[in-house]
Amino acid sequence: MGKLPTVLVDSLRFGSFEVPEDRVLTIDNGLLGFPASQRYVLVESDRPDYVWLQSVDESEVAFLATAPWSFFPDYELSLSDDDQAALELSGPASTEVLCLLTVHRSDAGEPTAVTANLLGPLVLNTENRRARQVVMAESSYGTREPLGAG
Amino acid sequence: MLVLSRRANESVMIGQDVVVTVIEVRGDQVRLGISAPRSIPVHREEVALEIRQANERAAAAAPNDVAGLPSPPGS
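Residues numbered from 1 in each chain as written. Chains lettered and ligands numbered in written order. Predicted model: local features only at pLDDT ≥ 70, side-chain atom pairs only at ≥ 80, totals over all residues. Heavy atoms only, no water.

So, on to the side chain of S55(A). Within the secondary structure layout, S55(A) lies in strand β5 (residues 51-55). Not counting the four nearest positions on each side in its chain, S55(A) is found in contact with V9(A), S37(A), R39(A), Y40(A) and V61(A). (Helix = DSSP H or I, 4+ residues; strand = E, 2+ residues; numbered from the N terminus. Contact = heavy atoms within 4.5 Å.)

In this section: the side chain of T102(A). Here T102(A) shows up in strand β7 (residues 95-105). Discounting residues that sit within four places of it in the chain, T102(A) has contacts with A113(A), V114(A), T115(A), A54(B), R57(B) and A58(B).

This part is about the environment of S80(A). Residue and element names in this part refer to chain A. Secondary-structure assignment places S80 in the loop between α1 (68-71) and α2 (81-87). Residue S80 is classed as partly exposed on the basis of its relative accessible area, which comes to 33%. Between the alpha carbons of S80 and V134 there is a distance of 8.8 Å; along the sequence they are 54 residues apart. At a separation of 3.0 Å, a polar atom in the side chain of S80 contacts the main-chain amide nitrogen of D83. (Buried < 20%, exposed > 50% of the residue type's maximum accessible area, 1.4 Å probe, protein only. Polar contact = N/O pair within 3.5 Å; in protein donor to acceptor, adjacent residues only side chain to side chain.)

To continue, consider the interface of chain A and chain B. Interface size is commonly expressed as the accessible area that is lost once the parts come together. With 43 residues of chain A in contact, the opposing surface of chain B contributes 29 residues. Summed over both sides, the interface between chain A and chain B buries roughly 3000 Å², with carbon and sulfur atoms accounting for 61% of that surface. The interface formed by chain A and chain B holds three salt bridges in total. Across the salt bridge formed by E138(A) and R44(B), the nearest N and O atoms sit 3.9 Å from each other. Inspection of the region where chain A meets chain B yields 16 residue pairs in polar contact (both at pLDDT 80 or more). Residue assignment for the side of chain A that touches chain B shows that the elements contributing at least two residues are β6 (62-66), α1, α2, β7, β8 (111-116) and β10 (130-133) of chain A. When grouped by side-chain class, the residues that make up the side of chain A that touches chain B number 22 nonpolar, 11 polar and 10 charged. (Buried area = accessible area lost by both parts, 1.4 Å probe. Salt bridge = Lys/Arg side-chain N within 4 Å of Asp/Glu carboxyl O. Nonpolar A, V, L, I, M, F, W, Y, C, P; charged D, E, K, R; others polar.)

Residue and element names in this part refer to chain A. In the sheet, strand β3 (residues 25-27) pairs with strand β4 (residues 39-44) via two bridges, with the strands oriented antiparallel. Residue L25 lies in a different strand from β4, and its bridge partner there is Y40. For β4 and β5, the ladder comprises five bridges, and the chain directions are antiparallel. Within β5, the position partnered with E44 by the bridge is V51. (Pairing = 2+ DSSP bridges.)

Residues and elements named next belong to chain A. Positive phi, close to 70°, is recorded for N29, a residue that is not glycine. Note on placement: N29 falls in the loop between β3 and β4. By relative accessible area, which is 42% here, N29 ends up partly exposed. Positive phi values are uncommon outside glycine, yet R129 reaches one of about 60°. On the secondary structure map, R129 appears in the loop between β9 (122-125) and β10.

Turning our eyes to something else, we now look at the environment of Q29(B). Checked against the element boundaries, Q29(B) lands in strand β3 (residues 29-35). Residues Q29(B) and A61(B), spaced 32 residues apart in sequence, show a C-alpha to C-alpha distance of 40 Å.

In this structure, the largest pocket occupies an estimated 910 Å³ of space. What lines the largest pocket is a set of 26 residues, and nearest its centre among them are A137(A), P41(B), V42(B), H43(B) and R44(B). Those elements that place two or more of their residues in the lining of the largest pocket are α2 and β10 of chain A together with β3 and α1 (45-58) of chain B. The biggest single contributor to the lining of the largest pocket is β3(B), with three residues. Tallied by class, the residues present in the lining of the largest pocket amount to 13 nonpolar, six polar and seven charged. (1 Å grid on protein atoms, 1.4 Å probe; cavity = no way out; pocket = protein on both sides within 12 Å on 5 of 7 lines; lining within 4 Å. Points joined across faces, edges and corners; volume = space filled by probe spheres on them.)

Before going further, it helps to spend a moment on the confidence of the model for chain B. With 99% of its residues at a pLDDT of 70 or more, chain B has an overall mean of 93. Under the prediction, the complex receives an ipTM of 0.92, its pTM being 0.89. (pLDDT = per-residue confidence, 0-100.)

Turning our attention to the pattern of salt bridges. This model, assessed by the stated rule, comprises 11 salt bridges over all chains. A salt bridge links D65(B) to R105(A); its shortest N-O distance comes to 2.6 Å. In this pair, D65(B) sits in the segment after α1 while R105(A) sits in strand β7, so the two residues belong to two different chains. R105(A) sits in the partly exposed class, given a relative accessible area of 33%. Because the salt bridges share partners, they merge into one network encompassing D28(A), E88(A) and R130(A).

Pasting the structure below:
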């Protein structure tokens, strides 16, 4: 049994670190606006409800994300047949959902609010580590849904 | 940019896998049918633009923002 190969992640926010190859997730075509980043790793944050999505391909590209249901218990995810087929999803047990967060700031740079993108959640197949930003165009969700006060 | 004319039921092929067909023309509205491999996401431009802008805004988060994030209700 050989040691699992690792991937070196060079990250602007977290420095350089190695992760086992099987922790790398692939977003085909990347996220909209970030086509050059197709490989990402999830990095734990200091808070259990939040995780970083760090690009392996571009050190400066990273996103804060959260599973939507902690904050939006009624959130309904609707996946098209195409999305399910593209990710080869087999069922809820191997499906993880993350919503990217925006920290809004005052002119002075102070955080004023946090919003989640519920319109375009990232859907991840934990079995093959493939992910896709799904666009639920028929839903009433927006890209700036307030996360509420803590 | 390529500009070409099509009538209802005529198509345009983009590469070998993508076919865009004009299904109906009524007034200033055109109904399109798009046939593409599942690996190619197809979105209305304004929706794709909104998601892109949201992604670009989200990419500005900094590690020291985490401490100020809210906790889920009931936790």
